[in-house]
Amino acid sequence: MTQRAPHSFGEQIPGASGTSGRPGPAMIDAGSELDPVHPMKLPAPAVSTRGLTAAEVAERIARGEINDVPVRSSRSVREIVRANVFTRFNLIIGVLWLIMLAVAPIQDSLFGFVIIANTGIGIVQEWRAKKTLDSLAVIGEAKPTVRRDGVSAEISTSEIVLGDLVELGPGDKVVVDGTVAEADSLEIDESLLTGEADPVLKQPGDPVMSGSFVVAGGGSFAATKVGREAYAAQLAEEASRFTLVQSELRTGISTILKYVTWMMVPTAIGLVISQLVVNNNDFRGSIARTVGGIVPMIPEGLVLLTSVAFAIGVVRLGRKQCLVQELPAIEGLARVDVVCLDKTGTLTEGGMDVTEVRALGGADDTYIQRVLGALGASDPRPNASLQAIVDAYPDGEEWRCTQSLPFSSARKYSGAAFDEGGGRASAWLLGAPDVLLSEQDPALAEIEQLNEQGLRVLLLARAQGELEGPGIAAGAVPSALVVLEQRLRPDAGETLAYFADQRVAAKVISGDNAVSVGAVAGKLGLPGAENTLDARRLPTDPDEMATAMEENAVFGRVTPQQKRDMVGALQSRGHTVAMTGDGVNDVLALKDADIGVSMGSGSEATRAVAQIVLLNNSFATLPSVVAEGRRVIGNITRVATLFLTKTVYSVLLAILVVCFQVDYPFLPRHLTLLSTLTIGVPAFFLALAPNKERAHPHFVRRVMRYAIPSGTIAAVATFVTYLLARQYYSGTDALGAETSVATLTLFLISMWVLAIIARPYTWWRICLVVAMGVAFLVVLVVPWLQNFFALKLVGATMPWTAVGIAVVASVVLEYAWRLVGRRFPA
């Protein structure tokens, strides 16, 4: 447990303005109640700003007043088992399996054992994914700082008790409801709860709600509602759960299964009547062939394979320290065509170094260094820029800070006022030169040259009045330029090159100077890095903004609200947008982007709203996430055609059997064999193969445009072979011979569908297709396998006829696929 001394918030009386001084502790009650409609401060007994004592904490734990919301990153084992076992199609197949066990040989019940194995695989894989997610969630868990017995320590969110004093700083998320105890220019963004983008200045006694976050300043609050009573507890719990829903892929599969059910019910009823009533066959044989016609209509393996592919994706990414907080994010990132990057923490490492301080207007160098040291000491939670100044000038506590203005992304500067001793006082601002200086200031030309070198420049200016009100910067006297060098991430260039190669447009969006950001991006090889734009000149019209976003690659001086608007503008043009960031100024854009990606070292607020957290803080992990998503989506789209081709030909064969009033040609064992060799085994390998193709929309249309013609051709060709065999064969064993040649035709056509889907060929894909063909050949030539699967080719005429029909059907199939590709592009 990390411990540190509590922050000092000065001696000002409660209720004083956060911008006119450094407010002192406010005495509040841990159990204060707020009117839910008209929140207001209510008088209550006081609680010390030293926080709770150990005895008080123990007492509250004993009473159950603890923040016990079970925020989980994954489903429980019970939920995993229930979701995989109790499905609609498992119920149907389970009933049919029990019937077959009662009336037919064990080989006709093999499909039931296959379903048990598939369900077991699904449970094991998702359990592995759960373990990965849970372990990563613990690593990435935000630990709020709580003050107890006067000592600040980081604890787990679940350890907070009612009345705890929780400290806040920029980027911290409010984890439970509470009342402000201390405030130092504390600004809270409640947009994730209320939709209002403007931050709210909080005073001691004001309520704060869980789910909001700090954008500027600091302070502390006493927890008044914990656990499930907190305003955002249920939302946070639900949002962080492992989920397999709300993705185009799974929604599309659900749509397909719904239509399959509608088709299956009347077809199955017709088949039952046909086999049991019309044909007057023996009861057991009719039941077996009826079940043989119903089972293959169900694409049961498609749902399993999708779950397994996602789960394996989670495990693979987990090994690279990538926490997927919402599983569909893997799919979403695969569809991304624009990625918006925040420079600091993404292209550059968090730390910076002061390389030079240039005094302006004859200012004394020694005095400027003392000012910078005092500014660094005035902020208990410095950002990266100020931390570089603290590192360069660590001795800055000689002056007493009388007033502070924390850094805000909206205004682009911070400030502080000091009592220098001897009756001297001064107020200073530190921030963006092009914000603090007028456009005609000659110093801007010098700054521009530094920015073109990729250096970051801050202006130190002496303020002329109090650090409050909208005109703080007016009349500020420039005193020095602070030149900072940013540390480039060594792997950022390769990552940008990957996105360029994958035709994913990268947009660098930063609060820094556009020219400086462009220089950094240029060093890393970003395409279009020379096309920079100052966001202060960005059009407000969404359509014009979208045009500017598409024409430029680097944007500087961007406010948090502008980041959000820029993401929306790109989305309005049909782009799928990913946003990366680590700072509190990125939260709104991360939330609105199709996929939000946060660095593990980023603020608690960014990690809370992001779908993907890179725990190793490496931007270079992002290509792995994109590649994993493309592998999952591309391969599932590919193999779904196999499953649905089987569904289509099964339904059509059943309809043809009913219309022609003949025996159903197959027993369950035949279709189990065909499904295993032409769909089950190949689909598993193809679903896990590398795939770099960008995911495309309209999953259902893309799959069905090939599955329908493929299934139709297979059904018609197989039924033609079956009718010819019925005319050719006679005698007691005729039905077995007819079934065998029909099975041969269907297998050969299904193999050709597999061969098409396996393209482009690699050595292992060719071996996979050949192995499946050899396995079927072994069944045909090994006597005990012939008997087990009831497959025996009689004579030479009909088997070769079956092969000829399959060859013709395969040629038609090849032509149909090419025609569909031209006439119905996805």
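Residues numbered from 1 in each chain as written. Predicted model: local features only at pLDDT ≥ 70, side-chain atom pairs only at ≥ 80, totals over all residues. Heavy atoms only, no water.

Q: Would you mind going over the pairing of strand β10 (residues 338-341) with me for this structure?
A: Along β10, one buried face is formed by V338 and C340 and the opposite face, lined by V339 and L341, is buried too. With 4 bridges connecting them, β10 and strand β17 (residues 505-509) associate as parallel partners. Paired with L341 across the strands is V508, a residue of β17. (Buried < 20%, exposed > 50% of the residue type's maximum accessible area, 1.4 Å probe, protein only. Helix = DSSP H or I, 4+ residues; strand = E, 2+ residues; numbered from the N terminus. Pairing = 2+ DSSP bridges.)

Q: What exactly am I supposed to notice about the packing of helix α24 (residues 734-757) against helix α25 (residues 763-781) here?
A: A pair of packed helices is captured by two measures, namely the crossing angle of their axes and the spacing between those axes. Where α24 meets α25, the axes come as close as 10 Å, and the angle between the chain directions of the two elements is 170 degrees. Taken together, α24 and α25 sit at an angle that is classed as roughly antiparallel. Along the contact surface, α24 presents T743, L744, F747, M751 and L754, while α25 presents V769, M772, G773, F776 and L780. Tallied by class, the residues present in the contact of α24 with α25 amount to 8 nonpolar, 2 polar and no charged. (Axes fitted to C-alpha atoms, helices over the stretch in contact; angles between N-to-C directions. Parallel < 35°, antiparallel > 145°, perpendicular 65-115°, else oblique. Contact = heavy atoms within 4.5 Å. Nonpolar A, V, L, I, M, F, W, Y, C, P; charged D, E, K, R; others polar.)

Q: Hey, could you run me through the nonpolar core in this one?
A: Here is a general trend for soluble globular proteins: nonpolar side chains tend to be buried in one another's company. The biggest cluster of nonpolar side chains holds 136 residues, and the ones touching the most others in it are L333, L526, I612, F619 and F776. Tallying contributions element by element places helix α21 (residues 622-660) first for this core, with 16 residues. Discounting chain neighbours no more than four positions away, the residues touching F619 are L341, T346, L347, R489, A492, T495, L496, F499, M599 and L614. One finds V215, I509, V567 and L590 within the second-largest nonpolar core, a separate group that totals 26 residues. (Core = buried A, V, L, I, M, F, W, Y, C linked by side-chain atoms within 4.5 Å.)

Q: Even after reading the chapter, I still don't get the environment of A129, so can you show me in this structure?
A: Of note, A129 is situated in helix α4 (residues 110-140). For the pair A129 and R316, spaced 187 residues apart in the sequence, the C-alpha separation amounts to 9.2 Å.

Q: Explain a nonpolar patch on the surface to me, please; I cannot follow it from the model alone.
A: On the surface, V77, V81, V85, F86 and W127 cluster together to form a nonpolar patch covering roughly 450 Å² of accessible area. Examining the composition of the nonpolar patch, we find that 3 residues originate from one element, helix α2 (residues 77-85), more than from any other. (Patch = residues over 30% accessible without salt bridge, like charges linked within 9 Å, V, L, I, M, F, W, Y side chains within 5 Å. Areas by Shrake-Rupley, 256 points an atom, 1.4 Å probe, with all protein chains shown as cover. Salt bridge = Lys/Arg side-chain N within 4 Å of Asp/Glu carboxyl O.)

Q: Just to check I follow, could you spell out the sheet that holds β17 for this structure?
A: Where strands meet in a sheet, backbone hydrogen bonds hold them as pairs that are either parallel or antiparallel. Pairing is mixed across the open sheet formed by 8 strands, whose spatial order is β9-β22-β21-β20-β10-β17-β19-β18. Looking along the sheet, the strands with just one partner apiece sit at the ends: β9 (322-324) and β18 (532-534). Each adjacent strand pair in this sheet contributes to an overall mean axis angle of 20 degrees, direction not counted. Relative to strand β21 (residues 595-599), strand β20 (residues 577-581) runs parallel, the two sharing 4 bridges. Along β21, the bridge assignment pairs A578 with I595. Across the sheet, helix α17 (residues 542-551) is in contact with β17, β18 and β19 (554-556); its angle to β17 comes to roughly 110 degrees.

Q: It is not clear to me how the pattern of salt bridges should be interpreted in this structure. Could you clarify?
A: Pairing is possible between side chains of opposite charge, provided their charged atoms come close. Considering all chains together, one arrives at 22 salt bridges under this definition. Taking the shortest distance from any N to any O, the salt bridge between R358 and E446 comes out at 2.7 Å. Note that R358 is positioned in strand β11 (residues 348-359) and E446 in helix α14 (residues 443-452), a separation of 88 residues in sequence. By relative accessible area, R358 is classed as partly exposed at 25%. The partly exposed category is assigned to E446, whose relative accessible area is 27%.

Function cannot be read off these values alone, since they describe shape.
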